[in-house]
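Residues per chain, in single letters:
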Amino acid sequence: MKQTLKENGGLPPLILWTLSIVAGISVANLYYNQPLLNMIRYDLDVSEFTTNLIAMVTQIGYALGLLFVVPLADMYKRKKIIVTNFALLVLSLLCIATAPNIHIILTASLFTGICSVIPQIFIPIAAIYSKPENKGRNVGLVVSGLLSGILVSRVISGVVGELFGWREMYYIAAVLMVVCSIVVVTVLPDIRPTFKGKYADLMKSLLSLVKDYPALRIYAVRSGLAFGSFLAMWSCLAFKMGQAPFFANSDVVGMLGLCGVAGAMSASLVGKYVRKVGVRAFNFWGCGLILLAWLLLYFGGNFYTSIIAGIIIIDIGMQCIQLSNQFSIFELCPAASNRVNTIFMTTYFVGGSLGTFLSGTAWQLFGWAGTAGVGVFLCCASLLVTLLSAKKI
């Protein structure tokens, strides 16, 4: 049975849950590598800095996909774009699984990042086609699915890596992408494009949106800086846990990802109260929690209790910032929902890539203290953007 979606008309539960679950499974491709970095390093005999580039290149690819692929959802049928991305993901994941050297992994990781932008096509669907009273809740549900995918990806890849090897994780990921593509073809209805014109005009319109909506610039930059602080921890955590006093393997690092379940659970709550509490207040709370987390991670860095508490708190803080800002952007220009989300999420992952690169460099030079310094600096920069912005933003 063919379904049609109308703006503000409501999303059937089957479609909403499909968006949430498939978002989680597809975004997981970005994070499988984090618990496996030490294993890849030893297997391919490369340095920690070079191995850390895998995470950075994947995030750069995701930013490129956000910039050049997601806007196409305003121009072409979204189902076609999503299925094409799944097909390319299968190829890139198989390339990583069979890669004989780090160069092929880096190249395939770039394409994996580019094609893993599917959740950022789903989120505007939840925002635009839900009934007004359910928008925040439904966006929060899809984001919760996305966050759960991030958490579970680290656990699964850590366990699979420990039991079978890191390559097997990518074979499994390729199979999951085939399953997701079948589900999307079956469940998701065709959604009419909202932009008529050439691709060049579509991309030019991004610049117009950046120029016309100052609030969009604020939402994007402060979220990106906070995300850089967040990923500064995750990009070096495997190296930290592999040293004294922990000497932990990939399965332990993956299990630590479960500590972030608090962040996933808080997402729908944030979405529900954004209008009531205000986006600015959520950003102050989020930055405060991230700074608290870094204090725990640094000063208690030799104790599991402090590491676990830091991960829980930094996840909750990050969701306060991301979801409050991302929910707010869709109210700026609903007709350009995918392009607005493109600007936001591209900036978001550029910030994440910056945090990954800076923390990897700081780790090489100063160890965990350098990583913590990068995390605190980027969080303070995000806080400063909010302090200098208009009081309503």
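Since we're looking at a predicted model, the values are computed, not measured.

Here we look at a nonpolar patch on the surface
A cluster of nonpolar side chains, namely Ile60, Leu64, Phe68 and Tyr199, defines an oily patch on the protein surface of about 310 Å² accessible area. Examining the composition of the nonpolar patch, we find that three residues originate from one element, helix 3 (residues 48–68), more than from any other. Its place among the elements puts Ile60 in helix 3.

Things to note about the environment of Met177
Secondary-structure assignment places Met177 in helix 8 (residues 166–187). A residue is classified by how much of its surface remains accessible, and Met177, at 1% relative accessible area, is buried. As a C-alpha pair, Met177 and Ile125 span 52 residues in sequence and 20 Å in three-dimensional space.

As for the packing of aromatic side chains
Counted by the stated rule, this structure contains 13 aromatic pairs. Each ring, one from Phe227 and one from Phe230, has its centre 6.0 Å from the other, and the planes form 20 degrees; the classification is stacked. Here Phe230 and Phe227 lie together in helix 10 (residues 214–241), a separation of three residues that amounts to about one turn. Neither Phe227 nor Phe230 differs from the other in exposure class; each is buried. With 5.6 Å between their ring centres and 65 degrees between their planes, Tyr348 and Phe349 make a pair best called edge-to-face. Every member of this aromatic cluster is reached through a ring pair, and the members are Tyr62, Phe227, Phe230, Phe344, Tyr348 and Phe349. Looking at Arg41, its charged tip hangs above the ring of Tyr42, at a distance of 4.4 Å from the centre. Taking the ring centre of Trp234 as reference, the NZ or CZ of Arg154 above it sits at 3.7 Å.

Thoughts on the side chain of Asn52
Considering the arrangement of structural elements, one finds Asn52 in helix 3. Within the local environment of Asn52, its side chain forms a polar contact with the backbone oxygen of Ser235, the two atoms lying 3.0 Å apart. In contact with Asn52, not counting residues within four places along its chain, are Ser235, Phe239, Thr356 and Gly360.

Brief notes about helix 8
In a regular helix each residue adds 1.5 Å, so 22 residues correspond to 32 Å; helix 8 covers 32 Å between its end C-alpha atoms and thus fits that length. Taken together, the buried positions of helix 8 are Trp166, Met169, Tyr170, Ala173, Ala174, Met177, Cys180, Ser181, Val184 and Val187. Taken end-on, helix 8 shows its buried residues confined to a sector of 165 degrees, consistent with a single buried face. For helix 8, exposure combined with an orientation more than 90 degrees from the buried face picks out Val175, Ile182 and Thr186. Looking at the buried residues of helix 8, the elements they touch are helix 1 (13–27), helix 2 (33–44), helix 4 (78–98), helix 5 (102–115), helix 6 (119–129) and helix 7 (135–163).

The rules behind the values
- Residues numbered from 1 in each chain as written.
- Predicted model: local features only at pLDDT ≥ 70, side-chain atom pairs only at ≥ 80, totals over all residues.
- Heavy atoms only, no water.
- Patch = residues over 30% accessible without salt bridge, like charges linked within 9 Å, V, L, I, M, F, W, Y side chains within 5 Å.
- Areas by Shrake-Rupley, 256 points an atom, 1.4 Å probe, with all protein chains shown as cover.
- Salt bridge = Lys/Arg side-chain N within 4 Å of Asp/Glu carboxyl O.
- Helix = DSSP H or I, 4+ residues; strand = E, 2+ residues; numbered from the N terminus.
- Buried < 20%, exposed > 50% of the residue type's maximum accessible area, 1.4 Å probe, protein only.
- Phe/Tyr/Trp six-rings, centres within 6.5 Å; stacked < 30°, edge-to-face > 60°.
- Lys NZ or Arg CZ within 6 Å of the ring centre and 35° of its normal.
- Polar contact = N/O pair within 3.5 Å; in protein donor to acceptor, adjacent residues only side chain to side chain.
- Contact = heavy atoms within 4.5 Å.
- Expected span 1.5 Å × (residues − 1).
- Arc of directions from axis to C-beta.

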